[in-house]
Amino acid sequence: MAVRGDALEHVVLDLSRNLATTPVTGDWVVVNADRVVSLGGRTTNLSRPDPSGQGVQVLAANIDHVMIVLSLERGLNLKSLERLSVMAWDSGALPITVLTKADTVENPAEAVAEAALAAPGTEILLTSALTGRGLDRLRVIMAVGTTTTMLGASGAGKTSLLNALEDISEKVREVNTSGEGRHATSARRLYQLSSGGVLLDLPGIRSLDLLATEEGMEETFVEIAESALRCRFHDCEHGTEPGCAVQESVKVGEILQRRLDNWHKIRREMSYQERKGDAALMAKQRAEWKNMTKSHRSRK
């Protein structure tokens with residue numbers, strides 16, 4: 001489905017029984033007589049463990065940019081930024097940190113500095129749907145021939161940002177007093193943007209489970225990965241092991257304790273996902289993502 005403004009265009013196609021993989025939003029497909037008969041290869045793959053606990057859920061394919069959207073209205077959620085960064089890096093696409101509702105804070109530069117530490121290697125962009133701040137830069141990013149997706153919790157301001165970018169009126173819901181948003185988007189939708197690119201709007205994610213690779217972790221927690229090279233043991237878990245360079249870096253202030261705590265939390269979750277699912281299948285999937293990601297980035 002493609003959307004421009006309030007006009008919807010629906011194309012209903014049957015799926016051939018011979019398809020090895022079910023198409024997802026962003027896939028290129030071959031159609032013959034209103035039937036999808038084959039799929040093109042995927043250059044990128046935004047995925048997570050299926051909420052049912054069985055297999056993998058592919059959220060989007062063939063995307064160029066993943067916009068990690070976070071609201072500043074009630075403070076920057078650094079843990080969420082780090083988790084979403086791991087997921088974005090593992091997709092093979094280019095992550096961009098988009099901080100919304102910049103008009104609600106007195107000194108947004110502080111939030112930018114915090115975000116830069118939590119998501120190293122990504123562009124940090126301040127935006128405001130109210131004042132128009134940052135929108136021109138987003139339009140440049142989402143140029144002709146690009147596909148971008150927005151990833152973030154409900155209430156982060158994704159739909160408001162889309163409305164401001166395109167001067168449309170998609171449904172927006174209020175954030176309640178606790179700061180928790182409600183879903184304004186309940187299905188994946190593709191928008192053809194006036195800038196020439198395509199934007200994929202995903203429903204807000206209430207519960208984010210990770211199926212991460214070592215590469216995604218290293219990109220997000222680069223200072224921990226670099227410090228770990230100096231650990232006495234190559235399989236150091238950066239806890240109480242003797243000769244742990246990471247723990248030493250925390251003591252001298254080179255690594256934030258908060259960052260290491262979240263690194264441990266995500267690693268525990270990765271182990272849990274492997275135990276809960278098919279460990280061999282998940283290992284194979286991660287190997288495929290590793291090869292895909294390296295191949296895709298080498299072309300950038």
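Coordinates for the structure precede this section.
What counts as what
- Residues numbered from 1 in each chain as written.
- Predicted model: local features only at pLDDT ≥ 70, side-chain atom pairs only at ≥ 80, totals over all residues.
- Heavy atoms only, no water.
- Buried < 20%, exposed > 50% of the residue type's maximum accessible area, 1.4 Å probe, protein only.
- Helix = DSSP H or I, 4+ residues; strand = E, 2+ residues; numbered from the N terminus.
- Contact = heavy atoms within 4.5 Å.
- Pairing = 2+ DSSP bridges.
- Arc of directions from axis to C-beta.
- Axes fitted to C-alpha atoms, helices over the stretch in contact; angles between N-to-C directions.
- Parallel < 35°, antiparallel > 145°, perpendicular 65-115°, else oblique.
- Left-handed = near helix turned anticlockwise from the far one by under 90°.
- Nonpolar A, V, L, I, M, F, W, Y, C, P; charged D, E, K, R; others polar.

### With respect to helix H4 (residues 158–166)
Inference 1: Summarising burial for H4: seven of the nine residues are buried, a large majority.
Inference 2: Looking at H4, one finds that the buried residues are Lys158, Thr159, Leu161, Leu162, Asn163, Leu165 and Glu166.
Inference 3: Buried residues in H4 make contact with strand S8 (65–71), strand S9 (94–100), helix H3 (135–141), strand S11 (147–151), strand S12 (189–192) and strand S13 (198–201).
Inference 4: After H4 finishes, the residue aspartate 167 shows a positive phi value of roughly 55°.

### With respect to the pairing of strand S7 (residues 56–61)
Inference 1: In terms of burial, S7 is a largely internal element, five of the six residues being buried.
Inference 2: In this structure, strand S6 (residues 45–49) lies alongside S7, joined through five bridges in antiparallel fashion. Counterpart to proline 49 in the pairing with S7 is valine 56.

### Topic: the environment of alanine 102
Inference 1: Structurally, alanine 102 can be placed in the loop between S9 and helix H2 (108–118).
Inference 2: The sequence separation of alanine 102 and threonine 131 amounts to 29 residues, and the corresponding C-alpha distance is 9.0 Å.
Inference 3: Excluding its chain neighbours within four sequence positions, the residues that come into contact with alanine 102 are Leu72, Pro108, Leu126, Thr127 and Ser128.

### Observations concerning H2
Inference 1: Residues of H2 that are buried include every one of Pro108, Ala111, Ala115 and Ala118, and no others. Along H2, the residues classed as buried sweep out an arc of 75° about the axis, all on the same side. Of the exposed residues in H2, the ones pointing more than 90 degrees away from its buried face are Glu110 and Leu117.

### A short note on the packing of helix H1 (residues 78–91) against H2
In helix packing, the relevant descriptors are the interaxial angle and the interaxial distance, both defined with respect to the helix axes.
Inference 1: Contact geometry of H1 with H2 gives a least axis separation of 9 Å together with a crossing angle of 40°. The angle between the axes of H1 and H2 places the two elements in the oblique class. Viewed along their axes, H1 and H2 form a crossing whose handedness is right-handed. Counting all contacts with H1, which are made through Leu78, Leu81 and Glu82, the residues of H2 involved are Glu114, Ala115 and Ala118.
Inference 2: Its residues placed into classes, the contact of H1 with H2 shows four nonpolar, no polar and two charged.

### Details of unusual backbone geometry
Inference 1: Backbone geometry at alanine 33 places phi at a positive 55°, although glycine is not the residue there.
Inference 2: One can find alanine 33 in the loop between strand S4 (29–31) and strand S5 (35–39).
Inference 3: Unlike most non-glycine residues, histidine 238 shows phi in positive territory, near 60°.
Inference 4: Mapped onto the fold, histidine 238 is located in the loop between helix H6 (222–228) and helix H7 (245–251).

### So, the sheet that holds S5
Inference 1: With mixed pairing, the three strands of this open sheet are ordered in space as S3-S5-S4. Of all the strands in the sheet, the pair left with one neighbour each is strand S3 (14–15) and S4.
Inference 2: Sheet topology places S3 next to S5; two bridges connect them, and they run parallel. Paired with aspartate 14 across the two strands is arginine 35, which belongs to S5.

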